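Observations on chain architecture
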Amino acid sequence: MTHLFPSDPTQRQIAGELYELAKDLPLISPHGHVDPALLADDTPFPDPARLFVVPDHYVTRMLASQGIPQSRLGVPSVDGSEVETDGRAIWRLLAANWKLFRGTPSRLWTEKVFSEVFGVDSTLSEVTADAIYDEISGKLNQPEFRPRALFTRFNIEVLATTESPLDELTSHAKLAADGWGSRVITTFRPDDLVDPEWAGWQNRVAALGELTGTDVGTYSGFLAALRSRRERFIAAGATSSDHGHPTAATLVLDDGEAAVLYRKALGGGADARDAEAFRAHMLVEFARMSLDDGLVMQLHPGSVRNHSLSLHHRHGRDVGGDIPSATEYVRGLRPLLDAYGDDPRLRIVLYTLDETTFTRELAPLAGVYPALYLGAPWWFLDSPEGLRRFREAVTETAGFYNTAGFADDTRAFCSIPARHDVARRVDAGFLARLVAEGRLPLDEAAETIADLAYHLPKRVFRLDRPA
Amino acid sequence: MTHLFPSDPTQRQIAGELYELAKDLPLISPHGHVDPALLADDTPFPDPARLFVVPDHYVTRMLASQGIPQSRLGVPSVDGSEVETDGRAIWRLLAANWKLFRGTPSRLWTEKVFSEVFGVDSTLSEVTADAIYDEISGKLNQPEFRPRALFTRFNIEVLATTESPLDELTSHAKLAADGWGSRVITTFRPDDLVDPEWAGWQNRVAALGELTGTDVGTYSGFLAALRSRRERFIAAGATSSDHGHPTAATLVLDDGEAAVLYRKALGGGADARDAEAFRAHMLVEFARMSLDDGLVMQLHPGSVRNHSLSLHHRHGRDVGGDIPSATEYVRGLRPLLDAYGDDPRLRIVLYTLDETTFTRELAPLAGVYPALYLGAPWWFLDSPEGLRRFREAVTETAGFYNTAGFADDTRAFCSIPARHDVARRVDAGFLARLVAEGRLPLDEAAETIADLAYHLPKRVFRLDRPA
Amino acid sequence: MTHLFPSDPTQRQIAGELYELAKDLPLISPHGHVDPALLADDTPFPDPARLFVVPDHYVTRMLASQGIPQSRLGVPSVDGSEVETDGRAIWRLLAANWKLFRGTPSRLWTEKVFSEVFGVDSTLSEVTADAIYDEISGKLNQPEFRPRALFTRFNIEVLATTESPLDELTSHAKLAADGWGSRVITTFRPDDLVDPEWAGWQNRVAALGELTGTDVGTYSGFLAALRSRRERFIAAGATSSDHGHPTAATLVLDDGEAAVLYRKALGGGADARDAEAFRAHMLVEFARMSLDDGLVMQLHPGSVRNHSLSLHHRHGRDVGGDIPSATEYVRGLRPLLDAYGDDPRLRIVLYTLDETTFTRELAPLAGVYPALYLGAPWWFLDSPEGLRRFREAVTETAGFYNTAGFADDTRAFCSIPARHDVARRVDAGFLARLVAEGRLPLDEAAETIADLAYHLPKRVFRLDRPA
């Protein structure tokens, strides 16, 4: 009950009172990576290893860091090399190395899922590995542990998944047909169409042309095709777009310059600098589209993707080899903000992997531009210490109301309630300190905890608008 | 009474004891932006909106960040656009949006002023807005709420304002004539004369020539004119100069090189690189002047000024659109420190908006160079969390005695005691933790809190010298 | 007893329990700068000033920062200028300025040594200076205060010193002859042979050729000579190499390119860029050598050496004038990690002076690459706040088991137990918070504290292998 609250008795008491006001509020998950087919098809989860280990790069990278290769953990290979397929063998590896996760959020989330979803309260170890595996396996076949049942039990109000503009959204169509259309929505993520450095870009642009019946040989056709997909995504519930760029650079080109750059890239002649300029300019184009269609832009720059070459060659993208790097927002965002930063139609949620920007750049920017909101601590920072430092760093300059609420950002469906619960507890602890130190009256802290947990994300991500 | 102290009972008890030793010490305000005419003329404050909202860019930018434009808040326009003039209307906007300030220092300071200066203890809200407005308005006309009476009541020993070398210091002359010359002093801030990129620079240099009767067509004349103004400022009580540069770069040019650069800039031919070189070199020139005349140099680099173009076009400078950026001190200051870093006549107080430099650059530099002191956490960092992090970050390397004490840095005269009180409370809390953890004996903490609150700033800013 | 523990009663109680499990474990000191002659010759320490002040640049730089030049503190000069030689006079300067060290680790360590080694419990001051000086002086001549006796009393299991490849390791030979060979070991530190920008580099390379009887006129000869010295160091107990580069840049050149660069440097024609390329490439060469001979690589980049020119001219290197600067690891280490980052034979311990890299770069890198471990907070960060922030920053991403345990990194032999004790107490406090907040069970925290204090450094530095 007092889990994650400060141990100081005054703060703990207040944190408990505040948490009570937030814990049962429905979950708003406006940014995540759950596969929509999971909920569209509602098929049972295969086994504990494929639920907790294989798809979770937080887990596999930690084991890899101590010498257990991803192939032994069942991570699919892209180079044809052999991978472990026996779920129980994978599970035993996790159990035997469980101490690596001491002090990490992965451990917190996993144990919460064990306990609150599967009723498992023993600690994972080599001794308990098989029993826990069997217990969870047994439950996975029961109807109340199928995805849609869990969705309801988890009290999720809305879950956004993330798709490329090339995605045909068939899972979302099935969900809509089943009456789940407003509960599971999509997000428009065009990175693979605006990054000429991403292998296969020209082919994907061509596919965009085919999918939309548009001539993408011209820049204006390319923009028209993207607009057309945005319409389609909005029809599938999307209220936001998502942009994962290497940097936060933005650039305003005129139509002629942009067209030249686009043709150069299509022809394969774009160098690194051209590619960066194109991506930077496309953020401005997407901002313009947002002025018209209202999609909230999410921008999360600063990850050096596929840092480990050998990992990338063996297992492909998104398997734990992405590393943050120093990120600059103040000069990077300036062209976009000069153009549209005080347009009330524009809304941008900024994320970071570089904590140093919290007080220095992000809070001051969000604290003056109407368009800007600060996204939740992301990826390596969505942990008790990371969440706490975020509030301590940004609140004094940006307040609470220029932040966007928690985003679980996860592929791991079953961990969603655990992640939100951690965030609610940490926010309760932070607010409790403000109250205990005479910095905020209790009644205002009470209103604030509910805003952070529920009302703010719903409003910032425009999930409160009639469909 | 326990406001802002840690809630741990051991620490809270000690913090209270330490705070008692500091709370009634006179205020030393060596760095700030109060208009000296306020105290020279001693006219009553106009109304609560013009006291608490209009001139305070911390307040107006936060409201702007949620879509309330500065024009509705009475911020004067420079482009002729209309602005709200009804103080009560502005006040009601503040009240209706008071929750935006939860967790911010603006709220702390404002409520302390309400309570301790105006005896208002109700919380601002749409319901209480008019009553509070009327209560404060009524008091503003009473003699004991005029600026000089408040100055005395606030127990301010010395207040430094900040002026351009072009300022004729008439307000300070009036203050001196009234016997207030040693209580309200000026600070020499030559930024507008050393930054060729600041529009109108040549005109201001010409004005400097006229004011001093010097031929500023030559570089040596320019230096002579600056020296002459420093003398005049020192006669008006100045003990320090203040330098707000984009970066911390310093550069030693010989007289010939500097003269070439100066002429190029005067002729309008200086590019961004030349301008940076000129500013960097001028810091070295000012250091040389300080060797002779003893002015303490304050250097606060790292702000990207006027980031929001639309704000700048509508409302001009210093209205909330400045954003910090990453700042480098180690290589930047090296030329100046190589030349004069261990000259006992030189004293430089370094400020930062980039917290990452606290442990990495600033504490190590101040912990070896006799000339260097660390200025108080500044601007976005002069808050309970910012002040705490500063002590936690710098003390272990620089100790307490290479820091310069609190600087309120404010335009908001009535908030001065509240700001100093927050700093004293946070320092008491930090020292209490050291005592509670056995890291410092109580008697030494007691001596330290008084040094931080009073003796250190007085000594570091050379305010303890006979006039 | 509760020294440095959190003052919250719950946490304090748990911290005490955990600390009990660590406090008597033997000390593993895998990275430090004690002069091996001290233990080889086992001569008494000369006097308190030469024990506590003269060789400790933490102490001398702080006094210098307040205007007491190093020459008055007995720091040897390299330019022939006079320095104080009277130990008592130096001691009195320390005593008179003792308050400068309030809140610093130097004070904590010194007082622990006073109390636990010399039985001195009075606080240093002008009043007590002479009495403490006499008391310590008197003990330094007693047999139980000679270095080897203290080594045993300190419960040091193994102490690594650090030597240039040019060192003939005569002290280590004497230690081996006396049966101390496995207790005091060396570390291979080749910086002075791989940095063409370090004055005298060509002469040192020539000396390497002579020492090894190798033709270092060719690049392959140079590599062979280095390999030969590594063998000799390994025979003298070395289990690691140590690399203090300006940056973390690595570079893979082919043999031809490297040979060209080497010849250019030998000929004196290498510019700053060539020198950086050579150092960067040599890190890769050392990694290759480690694959064969098993030396653990320690990399600590990011110090701007000899920042204070006047200090450097008067007193030479390593006297307090080195200042950290921003350090980049993600792109810098990539070439090396692409080549060998998942080779199980390679082990690299990374240190930093730039805390901003803890969450952003170092923890994510160590949390995925098998070769990488995070070294203890180093230099300006090996303090209660620095150690705490390290755990808070890295644990959630890298866990405890990708960290390497405490490294005292000191020249000050008598302070070794005090430094380890501080680290054990801070780790106990951090773990106690995890337990108190329900983030780690007590029994696992108990196992972890012993791992951090003893088992991890022993294993990571390969000190658990049979000699």
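The shown structure was predicted, so the numbers you read here are calculated from the model rather than taken from an experiment.

Glancing now at the sheet that holds strand S8 (residues 348–350) of chain C. Residue and element names in this part refer to chain C. Strand order in the open sheet made by the 4 strands is S4-S5-S8-S9, with parallel pairing throughout. If you trace the sheet from one side to the other, it starts and ends with strand S4 (240–243) and strand S9 (372–374), each paired once. Each neighbouring strand pair of the sheet contributes to a mean axis angle of 25 degrees, computed without reference to strand direction. Judged from the 3 bridges that link them, strand S5 (residues 296–299) and S8 form a sheet pairing that is parallel. By the bridge assignment for S8, Met297 is matched with Ile348.

Residues and elements named next belong to chain C. Turning to its location among the elements, Ser415 is positioned in the loop between helix H18 (384–398) and helix H19 (416–436). At 2.8 Å, the side chain of Ser415 forms a polar contact with the backbone oxygen of Ala412. Polar side-chain contacts of Ser415 include one of 2.8 Å to the side chain of Arg419. Residues contacting Ser415, with those up to four places away along its chain left out, are Val113 and Thr410.

Residues and elements named next belong to chain C. Taken as a whole, this structure holds 135 salt bridges over all chains when the rule is applied. Note that Asp42 is salt-bridged to Arg146, the shortest N-O span being 3.7 Å. Of this pair, Asp42 sits in the loop between helix H2 (36–41) and helix H3 (48–52) while Arg146 sits in the loop between helix H7 (129–140) and helix H8 (147–153), and the two are 104 residues apart along the sequence. By relative accessible area, Asp42 is classed as buried at 13%. The class of Arg146 is partly exposed, set by a relative accessible area of 32%. Measuring nitrogen to oxygen at the nearest pair gives 3.5 Å for the salt bridge that ties Arg88 to Asp130. Placement of the pair is Arg88 in helix H5 (residues 87–96) and Asp130 in helix H7, with a sequence separation of 42 residues.

Counting from both sides, the interface comprises 43 residues of chain A and, opposite them, 49 residues of chain B. Around 3700 Å² of area is buried between chain A and chain B when both sides are counted, 47% of it from carbon and sulfur atoms. Across the pair A:Glu444 and B:Arg107 runs a salt bridge whose closest N-O atoms are separated by 2.7 Å. Seen at the junction of chain A and chain B, the total is 34 residue pairs in polar contact (both at pLDDT 80 or more).

Our next topic: the relation of the copies chain A and chain C. Overlaying chain A with chain C gives an RMSD of 0.0 Å, the required rotation being 120 degrees about an axis along which the chain moves by 0.0 Å. Such a combination of rotation and displacement between the chain copies is what one expects of a three-fold axis. Counting the interface residues of chain A, we find that no more than 4% of their copies in chain C are interface residues as well, pointing to two distinct contact surfaces.

With the rule as written, the count across this model stands at 81 aromatic pairs over all chains. With 5.7 Å between their ring centres and 75 degrees between their planes, A:Tyr58 and A:Trp109 make a pair best called edge-to-face. Of this pair, A:Tyr58 sits in helix H4 (residues 57–65) while A:Trp109 sits in helix H6 (residues 105–118), placing them 51 residues apart in sequence. By the burial criterion, A:Tyr58 is buried, and A:Trp109 matches it. Cluster of aromatic residues (ring-pair linked, three or more members): A:Phe52, A:Trp91, A:Phe114, A:Phe118, A:Tyr133 and A:Phe145. Sitting over the face of the ring of C:Trp198, C:Arg204 holds its NZ or CZ atom 5.0 Å from the ring centroid. Lying across the ring of C:Tyr19, C:Arg425 places its NZ or CZ 4.2 Å from the centre.

Residue and element names in this part refer to chain A. Among the residues of helix H5 (residues 87–96), those classed as buried are Gly87, Ile90, Trp91, Leu93, Leu94 and Ala95. Looking at the buried positions of H5, the neighbouring elements they touch are helix H3 (48–52), H4, H6 and helix H7 (129–140). With a side-chain oxygen positioned 2.9 Å from the backbone nitrogen of Arg88, the residue opening H5 is Asp86.

All right, on to the relation of the copies chain A and chain B then. Expressed as a screw transformation, the operator carrying chain A onto chain B has a rotation angle of 120 degrees and an axial translation of 0.0 Å, and the superposed copies differ by an RMSD of 0.0 Å. Comparing interface residues between copies, only 5% of those in chain A also sit at the interface in chain B, which points to a heterologous contact through distinct surfaces.

All names here are of chain C. In contact at an axis separation of 9 Å, helix H6 (residues 105–117) and H19 are set at 115 degrees when each is read in the N-to-C sense. In terms of crossing hand, the pair formed by H6 and H19 is right-handed. Across the interface between the two elements, Trp109, Lys112 and Val113 of H6 pack against Ala418, Arg419, Asp421, Val422 and Arg425 of H19. Classifying every residue of the contact of H6 with H19 by side-chain character gives 4 nonpolar, no polar and 4 charged.

Opposite the 49 residues of chain A that make contact, chain C presents 43 residues. Interface area, chain A with chain C, both sides summed: about 3700 Å², of which 47% is carbon and sulfur. It is A:Arg102, A:His307 and A:Glu385 that lose the most area in chain A upon contact with chain C, and together they represent 20% of the buried surface on that side. Linking chain A with chain C are 10 salt bridges. C:Arg439 serves as the salt-bridge partner of A:Glu385, at 3.0 Å between the closest nitrogen and oxygen. For the pair chain A and chain C, the number of links is 34 residue pairs in polar contact (both at pLDDT 80 or more). In terms of residue count, the dominant contributor to the side of chain A that touches chain C is helix H18 (residues 384–398) of chain A (5 residues).

Moving on, we get to the sheet that holds strand S9 (residues 372–374) of chain A. Residue and element names in this part refer to chain A. Pairing in this open sheet of 4 strands is parallel, and the strands run S4-S5-S8-S9 from one edge to the other. Sheet topology places strand S4 (240–243) and S9 at the edges, where each strand pairs with a single neighbour. Taken pair by pair, the neighbouring strands of this sheet meet at an average axis angle of 25 degrees, ignoring direction.

Residues and elements named next belong to chain C. With respect to the element layout, Pro196 can be found in the loop between helix H10 (191–194) and helix H11 (201–212). On a C-alpha basis, the gap between Pro196 and Ala275 in space is 5.7 Å, while along the polypeptide they are 79 residues apart. Contact partners of Pro196, with chain neighbours within four places excluded, come to Trp201, Ala265, Ala275, Phe278 and Arg279.

A word on the domain arrangement of chain A. All names here are of chain A. Entries for chain A in the domain assignment read domain 1 (9–44 + 155–460) and domain 2 (45–145). Each of domain 1 and domain 2 was reduced to a C-alpha centroid, and the two centroids are 28 Å apart. Contacts between the two partners involve 26 residues from domain 1 and, on the opposite side, 24 residues from domain 2. Of the roughly 2200 Å² buried between domain 1 and domain 2, counting both surfaces, carbon and sulfur atoms make up 65%. By the criterion of area lost to domain 2, the three top residues of domain 1 are Pro44, His315 and Cys414, representing 27% of everything that side buries. Along the contact surface separating domain 1 from domain 2 lie 1 salt bridge. We note a salt bridge from Asp421 to Lys112, for which the minimum N-O separation is 2.5 Å. At the boundary of domain 1 and domain 2, one finds 6 residue pairs in polar contact (both at pLDDT 80 or more). Mapped onto the side of domain 1 that touches domain 2, the elements with two or more residues apiece are helix H15 (309–315) and helix H19 (416–436). Its residues assigned to classes, the side of domain 1 that touches domain 2 shows 11 nonpolar, 8 polar and 7 charged.

Rules used throughout
- Residues numbered from 1 in each chain as written.
- Chains lettered and ligands numbered in written order.
- Predicted model: local features only at pLDDT ≥ 70, side-chain atom pairs only at ≥ 80, totals over all residues.
- Heavy atoms only, no water.
- Pairing = 2+ DSSP bridges.
- Helix = DSSP H or I, 4+ residues; strand = E, 2+ residues; numbered from the N terminus.
- Axes fitted to C-alpha atoms, helices over the stretch in contact; angles between N-to-C directions.
- Polar contact = N/O pair within 3.5 Å; in protein donor to acceptor, adjacent residues only side chain to side chain.
- Contact = heavy atoms within 4.5 Å.
- Salt bridge = Lys/Arg side-chain N within 4 Å of Asp/Glu carboxyl O.
- Buried < 20%, exposed > 50% of the residue type's maximum accessible area, 1.4 Å probe, protein only.
- Buried area = accessible area lost by both parts, 1.4 Å probe.
- Least-squares fit on C-alpha atoms with pLDDT ≥ 70 in both.
- Phe/Tyr/Trp six-rings, centres within 6.5 Å; stacked < 30°, edge-to-face > 60°.
- Lys NZ or Arg CZ within 6 Å of the ring centre and 35° of its normal.
- Left-handed = near helix turned anticlockwise from the far one by under 90°.
- Nonpolar A, V, L, I, M, F, W, Y, C, P; charged D, E, K, R; others polar.
- Domains from an automatic or database assignment.

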